[in-house]
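Descriptive analysis of the structure
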Amino acid sequence: PVVLTSAALAVILGIAYLQVMKDYAGLLIFTSLVACTVLFFLLGLFFLVGLFVNPWDEDGHYQQVNPLFRSFYGMEATAWTAVVGLFFWAAAACMGFTTYHAVEKIDESIGLISATCDCIFTSRRGSSCLQNKPIIEGAILFGFLFVAVVGFMICCSVGFVDEFGIRINN
């Protein structure tokens, strides 16, 4: 029941995401770019704070939260946290540059996404909707996986697996 519920939830959330992309593609793309830029900047800032804490205090709050201070000790932890912080700031700068220059291209993306979603969500007479194909393929794959798992459980419960192969009812 957990796997089936997870599969159904994944299908529902995927269709909802496509519906949101159809209606609010420009806002979603721009918001994602800005959020990624801000998160990279904040992550870099988090790691660069490690330059100003005592590297020898293992029980400090920052040292407990920062995974690099838990993996390395002393000045080595400070050096690695500075490198990682600068890497995230460089990634934030790249994302900021991409966000700034992507503003002009978002309109083109909106048109492509809208056309794609119209193709996915509309069905013509005599043809099926494009949503059906991945759902049917997922159901078939789930069926194969179910048969494989049940077969493996039967093999493990009444059979023996060793270096010579699988023996059942021996």
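Residues numbered from 1 in each chain as written. Predicted model: local features only at pLDDT ≥ 70, side-chain atom pairs only at ≥ 80, totals over all residues. Heavy atoms only, no water.

Observations concerning a nonpolar patch on the surface
What counts here: Surface patches are drawn from residues lacking salt bridges whose relative accessible area is over 30%; two like charges belong together within 9 Å, two nonpolar side chains (Val, Leu, Ile, Met, Phe, Trp, Tyr) within 5 Å. Using the Shrake-Rupley algorithm and a 1.4 Å probe, accessible areas are obtained, with residue cover drawn only from the displayed protein chains. When a carboxyl oxygen of Asp or Glu lies within 4 Å of a side-chain nitrogen of Lys or Arg, that pair is called a salt bridge. A helix here means a DSSP run of H or I that spans at least four residues, while a strand means a run of E at least two residues long, and both kinds are numbered starting from the N terminus.
Taken together, Phe30, Val34, Val38, Leu39, Phe41, Leu42, Leu45, Val49, Leu86, Trp89 and Val103 make up a surface patch of nonpolar side chains, about 930 Å² in accessible area. Take the nonpolar patch: its biggest share by element is 7 residues, from helix α1 (residues 2-48). By secondary structure assignment, the location of Leu86 is in helix α4 (residues 75-102).

Overview of the side chain of Thr99
Basically, it comes down to this: Contacts are assigned to residue pairs with any non-hydrogen atoms lying within 4.5 Å of each other.
One can find Thr99 in helix α4. Residue contacts for Thr99: discarding those within four places in its chain leaves Phe30, Leu33, Val34 and Thr37.

A word on the packing of α1 against helix α5 (residues 106-121)
Cut-off, in case you're wondering: Angles shown run from 0 to 180 degrees and are taken between the N-to-C directions of axes, each axis being a line fitted to C-alpha atoms and, for helices, limited to the stretch in contact. Note on angle classes: values under 35 degrees are labelled roughly parallel, values over 145 roughly antiparallel, values of 65 to 115 roughly perpendicular, and the remainder oblique. Residue classes follow a fixed rule: Ala, Val, Leu, Ile, Met, Phe, Trp, Tyr, Cys and Pro count as nonpolar, while Asp, Glu, Lys and Arg count as charged, and any other residue, Gly among them, counts as polar.
Remark: α1 packs on α5, axes separated minimally by 9 Å, with the N-to-C direction vectors making an angle of 170°. When the axis of α1 is compared with that of α5, the two are roughly antiparallel. Taking contact as the criterion, the partners of Ile15, Leu18, Gln19, Met21, Lys22, Ala25, Gly26, Ile29 and Phe30 in α1 are, on α5, Ile106, Ser109, Ile110, Ile113, Cys117, Asp118, Ile120 and Phe121. Residue classes in the contact of α1 with α5 are distributed as 12 nonpolar, 3 polar and 2 charged.

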